[in-house]
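Residue strings, one per chain:
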Amino acid sequence: MKRNLNRRSLLIAITVAAATPLAWAQAYPDKPITLVVPYPAGASVDRIGRTLAVELGKRLHSTVVVENVAGASGTIGAKKVQRAPADGYTLLLGSVNDLIVGPAALKSGYSVRNFTPIAKLSTNSTVLVAHTGLAASNVDELTAMVARAKEPLLLGATGVAMIQTIGGTLVADAAGFKVSPVVYKGGAPLLNDLMGGQVQVGTMALTGALPMIRAGKLKALGIISARRDPTAPEIPTVNESKTVKGAEADLWTGLFGPANLPSPVVARLAAAMREVLADPTYQEGEFKAGSIASEPGDPKAFQQYLQREELRLSPLLANLKVE
């Protein structure tokens, strides 16, 4: 009799354990989700995050609240998510900056492998922009202007350890002139100073600069990429110049959770993300803002992409001094 009771107890335990993930997936989410954007309000990534929060909330039938946790090139916000409970209620709008560039350059004590990848969200370009009164209208003219000045170019940048900042350094190295970075706490304050003339040239995400470029309030000197950006094909790349070749500083964003996020939660979030990314209205809105929405995929494919990105960027980060 005792043996039968033990066997029955074991069967009940197995049944409950098997049912738990399904119940968890069906219950999640049952309270608001916090989406940490590791940059200030008004930054280009912030716009992407706020749009995502609305769209994701619709699919999850829940509230998704954006929390801006800025500082140290996005690494402070990323660390907050890394330390959060792995329950799906604290997520990260991560990017190449806060998950690969920042950790490598600032020795932040974590890597992209300390997070659970859920879905790749977008691909964006970095653009070299200038105040409308600058005498140069392209990279070749800028190179000649700096040579005549015989002093480093003051170059506005949106963070200490950012792919945008690295992009400006790559352009300068290829063209053979020196830059002195003027670091801002995000794209919004850099935009203000560029338009006001406090700084003449800067590098930033195309998503943040494109409205001002098209309004004639900023001048685009070139996309820092191997190819023109389809959202703004009228802007040439810096590599189309005579002086610069091989400069690339492309951006990507994605949705992440803390490490060891339960598979039912990952599956629920990934399914919602596929719906968002497949929505033509969402795709069109992102395209108009200068951001290319990713193709709907799965967490495994995104993880493989991240591994390739680490391999691609590691030699560059090892050889560059980010001050």
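Everything below is about the structure printed above this text.
Residues numbered from 1 in each chain as written. Predicted model: local features only at pLDDT ≥ 70, side-chain atom pairs only at ≥ 80, totals over all residues. Heavy atoms only, no water.

## Quick word on the nonpolar core
Next up, step 1: L128, L142, V201 and F256 are the most contacted members of the largest nonpolar core, which totals 45 residues.
Next up, step 2: Tallying contributions element by element places helix α6 (residues 163-175) first for this core, with six residues.
Next up, step 3: Contact partners of V201, with chain neighbours within four places excluded, come to L128, V129, A130, L134, L142, L153, L154, L155, G156, L194 and L221.
Next up, step 4: Core analysis: the second largest hydrophobic core is formed by 33 residues, L35, I48, L52 and A270 among them. (Core = buried A, V, L, I, M, F, W, Y, C linked by side-chain atoms within 4.5 Å. Buried < 20%, exposed > 50% of the residue type's maximum accessible area, 1.4 Å probe, protein only. Helix = DSSP H or I, 4+ residues; strand = E, 2+ residues; numbered from the N terminus. Contact = heavy atoms within 4.5 Å.)

## Concerning the environment of D30
Next up, step 1: Following the sequence through the fold, D30 ends up in the loop between α1 (2-27) and β1 (33-37).
Next up, step 2: Taking relative accessible area as the criterion, D30 reaches 60% and is therefore assigned exposed.
Next up, step 3: Distance from D30 to Y89, taken between C-alpha atoms, is 9.4 Å for residues 59 residues apart in sequence.
Next up, step 4: A polar contact of 2.7 Å, which involves the side chain of D30, links it to the side chain of Y89. (Polar contact = N/O pair within 3.5 Å; in protein donor to acceptor, adjacent residues only side chain to side chain.)

## Concerning the packing of aromatic side chains
The geometry of an aromatic ring pair comes down to the distance between the two centres and the angle between the two planes.
Next up, step 1: For the coordinates displayed, the defined rule picks out five aromatic pairs.
Next up, step 2: Aromatic pair Y28 and Y89: ring centres 5.2 Å apart, planes at 65°, arrangement edge-to-face. Residue Y28 is located in the loop between α1 and β1, and its partner Y89 is located in the loop between α3 (75-83) and β3 (90-95); the two are separated by 61 residues in the primary sequence.
Next up, step 3: For Y89, a relative accessible area of 12% gives the class buried.
Next up, step 4: Pairwise contacts between aromatic rings join W252, F256, F302 and Y305 into one cluster.
Next up, step 5: One cation-aromatic arrangement involves K31 over Y89; the distance from NZ or CZ to the ring centre is 4.7 Å. (Phe/Tyr/Trp six-rings, centres within 6.5 Å; stacked < 30°, edge-to-face > 60°. Lys NZ or Arg CZ within 6 Å of the ring centre and 35° of its normal.)

## Description of the environment of I118
Next up, step 1: The topology assignment puts I118 in strand β4 (residues 115-124).
Next up, step 2: Take I118: its relative accessible area is 1%, and that puts it in the buried class.
Next up, step 3: It is 36 Å that separates the C-alpha atoms of I118 and L218, two residues lying 100 residues apart in sequence.
Next up, step 4: Once you skip the residues sitting within four places of it in the chain, I118 turns out to touch L91, L255, F256, G257, L261, V266, L269, A270, D298, P299 and F302.

## Describing a nonpolar patch on the surface
Next up, step 1: Side chains of L106, V160 and V183 sit close together on the surface and give an oily, nonpolar patch of about 190 Å² of accessible area.
Next up, step 2: Turning to its location among the elements, V183 is positioned in strand β7 (residues 179-183). (Patch = residues over 30% accessible without salt bridge, like charges linked within 9 Å, V, L, I, M, F, W, Y side chains within 5 Å. Areas by Shrake-Rupley, 256 points an atom, 1.4 Å probe, with all protein chains shown as cover. Salt bridge = Lys/Arg side-chain N within 4 Å of Asp/Glu carboxyl O.)

## Comments concerning the sheet that holds β7
Next up, step 1: Sheet architecture is open: five strands sit in the order β7-β6-β8-β5-β9, paired in mixed fashion. At either end of the open sheet lies a strand with only one pairing partner, and these are β7 and β9 (219-223). Neighbour to neighbour, the strand axes of the sheet diverge by 30° on average, direction disregarded.
Next up, step 2: Pairing analysis gives four bridges linking strand β5 (residues 126-130) to β9, with the strands arranged antiparallel. Residue pairing across strands places V127 opposite I223, the latter belonging to β9. (Pairing = 2+ DSSP bridges. Axes fitted to C-alpha atoms, helices over the stretch in contact; angles between N-to-C directions.)

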